[in-house]
Amino acid sequence: MTEHIPQEFIQQLLSRIEIVDLIDSRVPLRKKTSSNFFACCPFHTEKNPSFSVSQSKQFYYCFGCGAHGNAIDFVMQYDHLGFPETIELLACQAGLDIPQKKTRSESRIVSQGSYELLEKIALFYQKTLKRSSLAIDYLKRRGLSGMVAKEFELGFAEPGWDHVLQTFGKTMDLKKQLHDLGMLIKKEDGGYYDRFRDRIMFPIRDKRGRIVGFGGRILEKGDPKYLNSPETSVFQKGQELYGLYHTLKSNRQLSRIILVEGYMDVIALYQHGITYSVATLGTATTSHHLHQLFRHVSDIIFCFDGDQAGRQAAWRALLVVLPLMRDDIQIRFMFLPDGEDPDSLIRKKGKPHFEQCIDQASALSTFFFQSLANQVDLTHMDGRARFATLATEHLNKLPDGIFKQLMMEDLAKRVRIDIEHIKQPITSAHYKKNPVKTKHKPRSALTLAILLLLQQPELAQLVTDPMPLLDSRGFDIFLELLKMAKNQTNLKTGAIIERWRNREEAPLLAKLAQTEHMIPESGIENEFLGAIAQLRKLAHQQAIHQLLAKANQAALSEQDKLLLNSLINSKN
């Protein structure tokens, strides 16, 4: 987990890695400007190079698809690795050992012993299945072969309250560990009992092949039909995908992945030769799920029931996808006929028909516009206006790039107005008066200060006096950035961006990191000091206004009067 790797080590690692050498070893770069290298982007198809790597910033940016980041981001995206695996790879290259932040509970739970214990429990369930004619008959009725049951290591949790408890919980420490791993439930009187009873058991492996939890399907009628392990230190439902391990193991060349609804769908498709399906674990699709899949394929097909509930689930998945869309990926939606699931459909129609349905799945753009069109009447102007408003609200969440541009153009054609009116709402008085100049709106002093400090952190040393407080959105970012840059010498842009990983301000900083400020090198220091002076002036004026406003509400204290007088005199 990322939080277990100390931030100080990550910064040290980035200082050891030269991003130009790292990228050049995978994508040949050529020098074009004094400090930047260029290549055709490895993340989307293009003829002219738009992929820029800045040696001074230790940062890359593609002007075509918007891909950007530091050395860690590049390896994650190019080598299809997760964050921990990337850190391990780069640390090995740099000759560094990764220190770990550990707490007592983490050391106990997130240990090899825990994975081994879950592995033993999975084997226990498999042996129990072989002894249960009832469970075997159920799997046969569902059409599963013994071979596929063995491949997915299906097991059986017998009826009863203490089979796992008695077999694996010989000591209090083991009982506690089993409870922490979600295998036991604690009683009010302090005792324990088995979580899974009278269920077909599905071991859940992470993509590294370690068992992290279980899913259980009840044999007869009862609720819940499916029961998953609870969240534990080794199992987070929003991060794991059932079947991903088997998909990666079975396909050396993987071009697409189909995301279905449950365990049985994955297993049934696998049995019929569709070995590239995965399922979420009782949760809606998350951005983490999608990031995992994007590391392995660029084509993802969501498979849902064709009823209203299925289409609503598809729409929710689409909303998760929108902020993550890149020009090099394809998202599609496949809807099953009424009353069918993947298993029943492939049994009735065969594998070729099912794969044809996958090939004919609706593109994200088609499903998006069809779903919104069902809510309005496009034959009338008010309906088209409503359609444009609904669509624009969602399309604004798309990252800048070719796909967003094409979606905006498609929307403009559907509502029969100029695309510029889609990008800039026609209700804007400023747009009516001067539609061109809005593109060249001067940067605020705060934005300029952040931009310059981000791209040239050494400027922080020019700020010798403490900054006054300013009640302005983004000023806290500036102060944090200023403190970081003052305290660390030789800080690079890529290392700064890393400090903001997974924070909501990260996209803004990444955008500013690659923005061309068009200030001559000789004038950068003066521009930065000018922005700082303007911020001090704004803070000064704000303090006066706040004290005056306070005076209108109640009498000022003697201390406030002295402060106000001092501020006014210093202003003059």
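Just so it is clear, the structure is predicted and the values come from calculations on it, not from any experiment. (Residues numbered from 1 in each chain as written. Predicted model: local features only at pLDDT ≥ 70, side-chain atom pairs only at ≥ 80, totals over all residues. Heavy atoms only, no water.)

**Thoughts on the packing of helix H17 (residues 364–373) against helix H18 (residues 381–395)**
Spelled out, the test is: Here an angle of 0 to 180 degrees is reported between the N-to-C directions of two axes, which are lines fitted to C-alpha atoms, with helices fitted over the stretch in contact. By definition, any uninterrupted DSSP run of H or I lasting at least four residues is a helix, any uninterrupted run of E lasting at least two residues is a strand, and each is numbered from the N terminus. For classification, angles of less than 35 degrees are called roughly parallel, those exceeding 145 degrees roughly antiparallel, those between 65 and 115 degrees roughly perpendicular, and all remaining angles oblique. The hand of a helix crossing depends on one turn: near helix anticlockwise from the far one by less than a right angle means left-handed, and clockwise means right-handed. The contact criterion used throughout is that any non-hydrogen atoms of two residues lie within 4.5 Å. Gly counts as polar in this scheme, as do all residues outside two lists: the nonpolar Ala, Val, Leu, Ile, Met, Phe, Trp, Tyr, Cys and Pro, and the charged Asp, Glu, Lys and Arg.
The contact between H17 and H18 brings their axes to 10 Å, and the two run at 140°. On the basis of the axis angle, H17 is oblique to H18. Relative to H18, H17 is oriented so that their crossing is right-handed. Counted together, Phe368, Phe369, Leu372 and Ala373 of H17 and Phe387, Leu390, Ala391, His394 and Leu395 of H18 form the full contact between these two elements. A breakdown of the residues in the contact of H17 with H18 according to their chemical character gives eight nonpolar, one polar and no charged.

**Let's talk about the sheet that holds strand S6 (residues 155–157)**
We apply this condition: Strands are treated as partners if at least two bridges between them are detected by DSSP.
Across the sheet, four strands lie side by side as S6-S9-S10-S11; this open sheet has antiparallel pairing. Of all strands in the sheet, those bounded by a partner on one side alone are S6 and strand S11 (226–228). This sheet shows a mean twist of 35° between the axes of neighbouring strands, independent of strand direction. Here three bridges tie strand S10 (residues 211–218) to S11, and the two strands are oriented antiparallel to one another.

**Considerations on unusual backbone geometry**
With the exception of glycine, most residues fall at negative phi, and the peptide bonds are largely trans. We count it as follows: Between buried and exposed lies partly exposed: a residue is buried under 20% and exposed over 50% of the maximum accessible area for its type, with that area taken using a 1.4 Å probe on protein chains only.
Not every positive phi belongs to a glycine, and Glu153 is a case in point at roughly 55°. Along the chain, the position of Glu153 falls in the loop between helix H8 (146–151) and S6. Notably, Asp198 is not glycine yet its phi reads approximately 55°, a positive angle. With respect to the helices and strands, Asp198 occurs in the loop between strand S8 (192–194) and strand S9 (199–205). Of the residues examined, Asp198 reaches a relative accessible area of 24% and is grouped as partly exposed.

**Some remarks on the confidence of the model for the protein chain**
Applicable threshold: A residue's pLDDT is the predictor's confidence in that residue, given on a scale from 0 to 100.
Confidence in the prediction for the protein chain averages 85 pLDDT; 90% of positions are at 70 or higher. By mean pLDDT, the top-scoring element of the protein chain is S6 (97), and the lowest-scoring one is helix H21 (residues 429–433) (37). Contacts from residues 425–442, a stretch scored under 50 in pLDDT, to residues over four places away or in other chains number nine contacts.

**Describing the packing of helix H14 (residues 308–321) against H17**
At a closest axis distance of 11 Å, the pairing of H14 and H17 adopts a crossing angle of 120°. Put simply, H14 runs oblique to H17. Helix-helix and strand crossings are classified by hand; for H14 and H17 the assignment is left-handed. Across the interface between the two elements, Arg311, Ala314, Trp315, Leu318 and Val321 of H14 pack against Leu364, Phe367, Phe368, Ser371 and Leu372 of H17. Residue classes in the contact of H14 with H17 are distributed as eight nonpolar, one polar and one charged.

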